[in-house]
Amino acid sequence: MKNQWLFFLKGIVTVRTSGRGSERFLNTLTRAGVSIWNVKAHGSQVLTFQMKLEDLPTLRQYARSADCKFEFVGRKGLPFMKKRMLRNSGFLLGAIAFLVVVILLSNMVWGIEIKGANPATEYKMEKELEKIGVKKGKLQFFLDTPEGIQRYLTENVNEITWVGVELKGTTYHLQVVEKNEPKKTELLSPQHLVAKKKGTIVGMFIEEGEAKAKINDFVKPGQLLVSGLIGNDERKKIVPAKGEVLAETWYKANVAYPLEKKSKVYTGDQKVKHILELGSLKIPIWGFGNIGFDHYVKEEDKRQVKFLKWELPIAVTKNIYREAEEMTQVYTEKEAIVEAKKLARSKIKKQLDEDATIKGENVLHQTIENGKVKLSIHFQIIENIAEEQPIIQGDKE
Amino acid sequence: MAKKWGERLRSWMTKNMELPQDVMMDLPRITMIGQIHIYIENHRGLLGFSDKEVRLLLEHGQLLIKGNNFVIKTIMPEEILLQGTIDQVLFVAE
């Protein structure tokens, strides 16, 4: 009674006795140290009571000499539940198998969608993807990260300039930019070409339209360069002006470069650890022990286990510890200036179109303070400054 | 004669030494909670049990409990907890 739960764990049996000696049988049992509870009378001479499963041998021992019959009418508790579980284990197995299958299927690759590539490139990309194992029916755990696939494809497929790899659920979406993409012939509406920036014109290549500026002209932003209105007063025509106007433009860049530079260099040694994450619990699966490096860079590759469209709080993580050494590079003033100029040039190039060229550079200002070389550089750039400006119909100059 | 002396001594001791009588004299200690529970210590065994009547053996005589819907919640060699609606508790001399 006091500890029903403990009894439950050990198993409880309900016994029905019938016969004249039922009460006497109860007395002998209690004296033998058997705990009995919930004794109920059912009509004359029939009793039911509950007792522990582990006291059953004692009951058997006294049953022979007892003047009554008894039978078991109820079984409760863990031992019986276990038996039932074993008998119904098929259901449990089925449920587990189902879950496993769903989880497996949720983590497979079900589709690879390549967009923006012509069929030949698409085929080549599919072949390359197959080489690294990316194909339908593969488990995502064993595949490279989207970034890795992206890198591999850009390196190995020459036809593409850039590819964006994205994993959405079970499908890889690949967005491709091909190198020689067929140029779209746009239908141009009537337009002028105006200056985008201020500069001195050094060359004009006009396909259509009437030039309104000459070489060596200094132009301001918004100034008309090529007009879309051609012909004389008698025969006027509005056309989409097309062409390139190359001009020398000026940029100023301020850069600073340290005389001492600390950088991390990989030694090539690395240690890989695999970890199974269950919520916040982390269980190492492979790769034990200390990392063994004083300086290292940690790279984490975490694969979340998915269930249908949800992500489970289970993840397989691969940690790569790459040994790194800190190197301090000391530059002389001259070297620093050279490096600073390089930096400035790459900085400027980022701002410009691809076809722009650097014509010249002048260092305007140069100081050394706080262990840094500070440069102010003036660049002369040759670039296309033409910008389209639509001619609104009816608006005639 | 000797038995009588022993009994006398015991009753004298309980009277003068303020010892509980159920311990000294093998008497049942009966605790009741309203009509619903009855707890008997120091019984000597179950003689009869039905849902309307329970008969217990005592050191001297028997205890007869009458009522309805009796269920023995626990039974131990010298203790018994009975549940139900208790109407009467009778001492039956042998």
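Residues numbered from 1 in each chain as written. Chains lettered and ligands numbered in written order. Predicted model: local features only at pLDDT ≥ 70, side-chain atom pairs only at ≥ 80, totals over all residues.

For chain B, the name recorded in an unreviewed UniProt entry is Sporulation protein YqfC, with Cytobacillus kochii as its organism.

Overview of the nonpolar core
Short version of the rule: Joining buried Ala, Val, Leu, Ile, Met, Phe, Trp, Tyr and Cys residues through C-beta atoms within 7 Å gives a set, and that set is a nonpolar core. Here the C-beta atoms are placed from the backbone, and a residue counts as buried if at least 20 other C-beta atoms lie within 10 Å of its own, exposed if 12 or fewer do, and partly exposed otherwise. Per the convention used, a helix needs a DSSP run of H or I reaching at least four residues, while a strand needs a run of E reaching at least two, with both numbered from the N terminus. Remark: residues whose backbone-derived C-beta atoms lie within 7 Å of one another are considered to be in contact.
Core analysis: the biggest nonpolar cluster contains 30 residues, and A:L26, A:I36, A:V39, B:F49, B:I75 and B:L82 have the highest contact counts within it. No other element matches strand β5 (residues 62-76) of chain B, which puts five residues into this core. Aside from chain neighbours lying at most four places away, what touches B:F49 is A:E23, A:V39, A:A41, A:L47, B:V54 and B:I72. With 13 residues, the next largest nonpolar core counts A:L193, A:A195, A:L225 and A:A241 among its residues.

With respect to helix α2 (residues 22-31) of chain A
Three- or four-residue spacings in an α-helix give side chains the same orientation, since the helix completes a turn every 3.6 residues. Note the threshold: Relevant arc is that of directions from the helix axis to the C-beta atoms, nothing else.
The set of residues buried in α2(A) consists of A:S22, A:E23, A:F25, A:L26, A:L29 and A:T30. Projected down its long axis, α2(A) carries its buried residues within an arc of 155°, all on one side. Elements that come into contact with the buried residues of α2(A) comprise β1 (12-18), β2 (36-41), β3 (46-52) and α3 (56-63) of chain A together with β3 (46-49) and β5 of chain B. Immediately downstream of α2(A), the backbone of A:G33 shows phi near 90°, a positive value.

Here's the deal with the environment of A:E300
All names here are of chain A. In this structure, E300 sits in strand β18 (residues 296-307). The exposure class of E300 is exposed, given the 9 C-beta atoms found within 10 Å. In this structure, the C-alpha to C-alpha distance between E300 and N319, residues 19 residues apart in sequence, is 4.7 Å. Those residues in contact with E300, other than ones at most four positions away along the chain, are T317 and N319.

Remarks on the confidence of the model for chain B
All names here are of chain B. The condition is simple: Known as pLDDT, the predictor's confidence for each residue is given on a scale from 0 to 100.
The pLDDT averaged across chain B works out to 87; a share of 96% of its residues lies at or above 70. Mean pLDDT per element in chain B: helix α2 (residues 21-25) is the minimum at 71, and strand β2 (residues 37-41) is the maximum at 94. Scored by ipTM, the complex comes to 0.78, with pTM at 0.43.

Things to note about the sheet that holds strand β9 (residues 199-208) of chain A
Residue and element names in this part refer to chain A. Basically, it comes down to this: The rule for pairing is simple: two strands pair if DSSP sees at least two bridges between them.
Here we have five strands laid out as an open sheet, ordered β11-β9-β15-β21-β20, and antiparallel in their pairing. Every other strand in the sheet has two partners, leaving β11 (218-219) and β20 (357-369) as the edge strands with one partner each. Sheet topology note: the β20/strand β21 (residues 372-384) ladder contains 11 bridges and is antiparallel. Considered in β21, the bridge of I368 is made with V373.

Focus: the interface of chain A and chain B
In plain terms, the rule: We call Asp, Glu, Lys and Arg charged. Ala, Val, Leu, Ile, Met, Phe, Trp, Tyr, Cys and Pro are nonpolar, and the rest, Gly among them, are polar.
In this complex, chain A contributes 13 residues to the contact, which on the side of chain B involves 15 residues. Each residue belonging to the side of chain A that touches chain B can be placed in one class, and the counts come to seven nonpolar, three polar and three charged. Judged from the four bridges that link them, β2(A) and β5(B) form a sheet pairing that is antiparallel. Paired with A:W37 across the bridge in β5(B) is B:T74.

Observations concerning the sheet that holds strand β10 (residues 210-211) of chain A
Pairing between sheet strands relies on hydrogen bonds along the backbone, with the strands arranged either parallel or antiparallel. The antiparallel open sheet is built from four strands, whose spatial order is β10-β12-β8-β22 (chain A). Bordering the open sheet on either side are β10 and β22 (386-390) of chain A, each of which pairs with just one other strand.

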